[in-house]
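Letter by letter, the chains look like this.
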Amino acid sequence: MSKSTGTKLFKQEVENKYTVYNSLFSHLPYNDITRLGALIPLLYELGIKALGKSENPKKIIENFLKDYVRLKDEREKSDWLFKTIQFIEREVVLFDSVEEASFDKVVAVHHQKGTLENLYQVAQQQKKLNEVYQKLKDFKVRVVFTAHPTQFYPNPVLRIIADLEEAIKNNDLAVVDHLLCQLGKTTFISEEKLTPLDEAHSIMYYLKEVYYPAVGELHEQLFSEFYNEQKDFIPVMELGLWTGGDRDGNPLVTAEVTRQVTENLRINILKCYYDDLKKISRRLTFKGVYDKLRALSDLIYDSIFGVEHVDSEEILKGLNEIRTVLIERHNSIFIEELDRLIRQVMTFRTHFASLDIRQDSKIHNQIMNAIVKRYNLSDKPYDEMDKTDKFYVLFQSNILIKEEDFEEEIIKDTIRNIKQLKQIQKENGEQSINRYIISNSTSIFSVLEVLALFEFCGYKSYDINIDIIPLFETVEGLDSAEDTMKQLYNLPLYKNHLNRRNNRQTIMLGFSDGTKDGGYVRANWGIFKAKERLTQLSKTNNMEVLFFDGRGGPPARGGGKTRQFYASQGATIASNQIQLTIQGQTITSLYGSVNQSKHNFEQLITAGISNSVFENERLILTKSDRALLDELSEASYQKYQKLKNHPQFIQYLEERSTVPYYGKTKSSPKNKNTHLKFNDLQAISFVGSWSQSKQNVPGYFGFGSGILKIKQEGRLDELKELYQRSSFFRTLVQNSMMSMIKSNFLLTAYMKKGDKFSDFWNILNDEYELSKELILEISGQEFLMEKEEINRLSVLCREKIMLPLLLIQQYALQKLHEAQTDEEKLLYEKMLIRTLYGIVNASRNSA
């Protein structure tokens, strides 16, 4: 698709339709709606002009309220601003729906390279269809869905979005009009803080309504293009879940919550099978088939309501018996429909999505201290012991611990949870809950403490059907990962555990904290090298390593161009599986509909398969390339470290950003201290707050300085050539461009002169301008994302919609710091938090 064609298509299918449907808002039968609809575009136009003159957003809003809204009473002003926020929230939903409705015509057509159809064509041309088929036997994509503190529309809103998308596809103006009326009356934000179960129910909606059909369609396409017989089918897609299992920083996730979520997953997948059986029964009405279908449906129905218990093997046995009768007695009529259901059961079993358990290594250390003290295992506290003493306590104590022996709820609940995992696996299958992730892993004891906890809770070594997964996420953790894993691989008792787990070790690498600690370039290059070292180490020890990437929405948290990221990893990095987290905001934006999710699942599958099957010189980094990237990374890191050490760094975040308010959203891990400390900052709030202020520091800061150092040495052509030749470096640059195009320093340009943060703000702005200039120079582009036309147009449209929200947020932030009474503070804090939700949802991948 040519550039002009793409622009024309986007304008026709997205911009023009949005403008038409958005005009309907002005005619909704609500108070002041017509006036709001007229004033908000005016606020945008006046805001653009005023920001161009470096005016303070607070002054812009105050002047607008006085001169155009003509309100004097403070309560009336705040009411109008809240109405404006609510109006724009609904504009965002409308734009989402219009863009999603255009997906097949605009995005899917524009991105054919990563489709299964394209994979088949390339494999056929290169005579490598058999190689692809063989690779599919041992290749998996595991997508793990997590919650996000500022995302998740209530389920009624999600259903309106789905219906809006369909009505817009059909150009049904009357239905769109009615749905916009419904949207106007539907609450977006719950007054109560979301519980982990609420978050799980939101994701459950996507699992049942979106991913079940999307994965099914994807597997059908794979089956038709690459498989010969039903018996050859091996599911490629696997789904995972953190909501209800991720305890790290969230004490509301308890053993009972974990049990309820796994039960809900089981019930929902059985409901999917029951619905499919009802549809199939309308076709397979034959003698010897229909009665068997009814009996199987009844069994599943009774299992949903707890009368019976059915496992996936029983369901598959029943379906295959029906299949045999269909072949032998009824000429295989409608067998394709039955086979589709069989493949769905083979994929989702009775667990739907695997629930991961995650906890911080510091909590395990705390528990070990309590165990040592309670059972008199040593005179020393556990955390003061040397390695020998720790080994003795962990594996020679021969103790069984009981929750009633402890007072601390975190210890009691950890024991309860570990003890219940065996029963959950028995009821829902081993895959339902078979991974335990340890955040902030720093040494072999981060892993060994978890292994010992299972034994302390009564498990025999052969009963521990759990993969223990270290999560290396800080700069220090990544640097020590190789040494930690080397020690574990050479430890007989842990090696025996891996033998029982098919000699597979999953290692999780966290992008968010790596970027927060070391900056964008250092984190990405550091993780790439860590994967290479861990791949080689695992091969040497005859272990298969699987990498699980903790990726957030924006490039600063490992997001951005996900397919290009995986397609840029060459033969030096293990690639039998692609495993990654998809966080709440990205669930809606990239995996929010059947077509979208199928397309993005495809992109991941083809990235992994292509890397293994097809030769690509762009994946090879030479020795000189690596030296250049090392140099760039180090210079970038030094610039970022200097920023972190600036005396105003934390104060700026406290006073001029939304960091302190992320913990007050309806579902959020709070920062641990009242006064901010860098090490205690949650990565979500750290990256998200820079995005809210439109400065996006973690997505580029230091990149420009690193390039400048090389340019000053007269070697810029080396980076230009690397950009053209290396998929890894090109993806690194393109993702940084995405962060920069979403930046807008005009929003905070009032700080440029005469403000106590002027020097600090200018450091940020100067690095942004430098990074933008030099990244455009090495990429040969005239403006950011020039080569990514559709994505760029989408970003620019969204930035336009959210600008009034940004102005209101800056106004609320300053008014909050000026507030004299508790009532005023509460009012402006509520206003700020409400804008935070809207900006996150409008940005799509900002946190």
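Residues numbered from 1 in each chain as written. Predicted model: local features only at pLDDT ≥ 70, side-chain atom pairs only at ≥ 80, totals over all residues. Heavy atoms only, no water.

**Q** I tried to follow the overall build of the protein chain on my own but got confused; where do I start?
**A** Of regular secondary structure, the protein chain possesses 34 helices and nine strands. For the protein chain, the C-alpha radius of gyration of 28 Å lies close to 29 Å, the compact-globule estimate for 847 residues. A principal-axis box enclosing the C-alpha atoms of the protein chain has dimensions of 80 × 70 × 60 Å. Among the 847 residues that make up the protein chain, the fraction classed as buried is 62%. Taking the contacts inside the protein chain whose residues are at least 6 apart along the sequence as the reference set, 81% of them involve residues at least 24 apart. Carbon and sulfur atoms provide 47% of the accessible area of the protein chain, an area that totals close to 34,000 Å². In the protein chain, the 111 positive side-chain charges and the 115 negative ones have mean positions that sit 2 Å from each other. (Helix = DSSP H or I, 4+ residues; strand = E, 2+ residues; numbered from the N terminus. Rg over C-alpha atoms; globule rule 2.2 N^0.38 Å. Buried < 20%, exposed > 50% of the residue type's maximum accessible area, 1.4 Å probe, protein only. Contact = heavy atoms within 4.5 Å. Areas by Shrake-Rupley, 256 points an atom, 1.4 Å probe, with all protein chains shown as cover. Lys, Arg positive; Asp, Glu negative; His and termini not counted. Charge placed at Lys NZ, Arg CZ, Asp CG, Glu CD.)

**Q** Sorry if this is basic, but what is going on with the packing of helix α2 (residues 33-52) against helix α33 (residues 789-818) here?
**A** The packing of two helices is summarised by the inter-axis angle and the distance between the axes. Where α2 meets α33, the axes come as close as 9 Å, and the angle between the chain directions of the two elements is 75 degrees. On the basis of their axis angle, the class for α2 and α33 is roughly perpendicular. Taking contact as the criterion, the partners of Ile40, Leu43, Tyr44, Gly47, Ile48 and Leu51 in α2 are, on α33, Lys800, Leu803, Pro804 and Leu807. (Axes fitted to C-alpha atoms, helices over the stretch in contact; angles between N-to-C directions. Parallel < 35°, antiparallel > 145°, perpendicular 65-115°, else oblique.)

**Q** For this particular structure, what's the right way to read empty space enclosed by the protein?
**A** Inspection of every chain in the model, using the stated rule, returns nine cavities of 30 Å³ or more. Estimates place the volume of the second largest cavity at around 70 Å³. Lining the second largest cavity, in full, are Arg142, Val215, Met237, Glu238, Leu239, Thr347, Phe348, His351, Phe352, Ala353, Ser354 and Gln431. Elements with a contribution of two residues or more to the lining of the second largest cavity: β2 (237-241) and α14 (335-348). Here the element with the most residues in the lining of the second largest cavity is β2; it accounts for three residues. Residue classes in the lining of the second largest cavity are distributed as six nonpolar, four polar and two charged. (1 Å grid on protein atoms, 1.4 Å probe; cavity = no way out; pocket = protein on both sides within 12 Å on 5 of 7 lines; lining within 4 Å. Points joined across faces, edges and corners; volume = space filled by probe spheres on them. Nonpolar A, V, L, I, M, F, W, Y, C, P; charged D, E, K, R; others polar.)

**Q** Whenever I open this one, the pattern of salt bridges confuses me. Can you help?
**A** It is possible for side chains bearing opposite charge to pair when their charged atoms get close. Taken as a whole and judged by the stated rule, the model has 46 salt bridges. Here Arg343 ties to Glu220 by a salt bridge, and the two come within 2.7 Å at their closest N and O atoms. Pair noted here: Arg343 is in helix α14 and Glu220 is in helix α10 (residues 196-226), with a separation of 123 residues, a long-range link. Of the two residues, Arg343 and Glu220, both sit in the buried class. With a shortest N-O distance of 2.8 Å, Arg504 and Glu544 are connected by a salt bridge. Of this pair, Arg504 sits in strand β7 (residues 504-510) while Glu544 sits in strand β8 (residues 544-550), and the two are 40 residues apart along the sequence. The class for Arg504 is partly exposed, based on a relative accessible area of 31%. Owing to a relative accessible area of 24%, Glu544 belongs among the partly exposed residues under this scheme. (Salt bridge = Lys/Arg side-chain N within 4 Å of Asp/Glu carboxyl O.)

**Q** Mind showing me how you'd approach the pairing of strand β5 (residues 435-439) here?
**A** The side chains of a regular strand alternate between both faces of the sheet. Judged by how many residues are buried, β5 sits mostly within the fold: five of five residues are covered. Of the pairings in the sheet, the one linking strand β4 (residues 357-360) to β5 comprises four bridges and is parallel in character. Note on β5: the bridge partner recorded for Ile357 is Tyr436. With helix α18 (residues 444-456) bridging β5 and its parallel neighbour strand β6 (residues 467-472), the resulting β-α-β unit is right-handed. (Pairing = 2+ DSSP bridges. Right-handed = clockwise from strand over helix to strand, strands pointing away.)

**Q** Help me understand helix α22 (residues 520-540), please; the structure alone is not making it clear to me.
**A** The α-helix winds at 3.6 residues per turn, so residues separated by three or four positions along the chain end up facing the same way. The terminal C-alpha atoms of α22, which comprises 21 residues, lie 31 Å apart, in line with the 30 Å expected from a rise of 1.5 Å per residue. Summarising burial for α22: 16 of the 21 residues are buried, a large majority. Just downstream of α22 lies Asn542, where phi reads positive at about 55 degrees. (Expected span 1.5 Å × (residues − 1).)

**Q** Is there a simple way to think about the environment of Glu13 in this case?
**A** Counting through the fold element by element, Glu13 comes out in helix α1 (residues 3-23). With relative accessibility at 7%, the residue Glu13 sits in the buried group. For the pair formed by Glu13 and Gln536, sequence separation is 523 residues and the distance between their alpha carbons is 48 Å. Other than its neighbours up to four places away in sequence, Glu13 contacts Val98, Ser102, Lys105 and Val106. In this structure the side chain of Glu13 is engaged in a polar contact, spanning 3.3 Å, whose partner is the side chain of Lys17. (Polar contact = N/O pair within 3.5 Å; in protein donor to acceptor, adjacent residues only side chain to side chain.)

**Q** Help me out: how do you make sense of the pairing of β8 in this one?
**A** With six of seven residues buried, β8 is to be regarded as a mostly interior element. Judged from the seven bridges that link them, β7 and β8 form a sheet pairing that is parallel. Bridge pairing in β8 links Arg504 to Glu544. With two bridges connecting them, β8 and strand β9 (residues 577-583) associate as parallel partners. Within the sheet, the bridge partner assigned to Phe548 lies in β9 and is Gln579.

**Q** It is not clear to me how the sheet that holds β6 should be interpreted in this structure. Could you clarify?
**A** What links the strands of a sheet is backbone hydrogen bonding, and the strands pair in either a parallel or an antiparallel sense. Pairing is parallel across the open sheet formed by nine strands, whose spatial order is β3-β2-β1-β9-β8-β7-β6-β5-β4. Only two strands of the sheet have a single neighbouring strand rather than two, namely β3 (354-355) and β4. Of the strands in this sheet, β1 (140-146), β2 and β9 touch helix α25 (residues 594-613), which is tilted by about 140 degrees from β1.

**Q** Please explain unusual backbone geometry as it appears in this structure.
**A** With the exception of glycine, the majority of residues adopt a negative phi angle, and the majority of peptide bonds are in the trans configuration. Its identity as a non-glycine residue notwithstanding, Asn331 has a phi of 55 degrees, on the positive side. Along the chain, the position of Asn331 falls in the loop between α13 (312-330) and α14. Residue Asn440 is not a glycine yet carries a positive backbone phi of 55 degrees.

**Q** Can you help me understand the side chain of Arg358 in this one?
**A** The residue Arg358 is located in strand β4 in this model. Exposure remark for Arg358: the relative accessible area of 12% places this residue in the buried category. Among the polar contacts made by the side chain of Arg358, one reaches the side chain of Asp246 at a distance of 2.9 Å. Separated by 3.2 Å, the side chains of Arg358 and Ser439 make a polar contact. Not counting the four nearest positions on each side in its chain, Arg358 is found in contact with Trp242, Gly245, Asp246, Arg247, Asp248, Ile437, Ser439 and Leu471.

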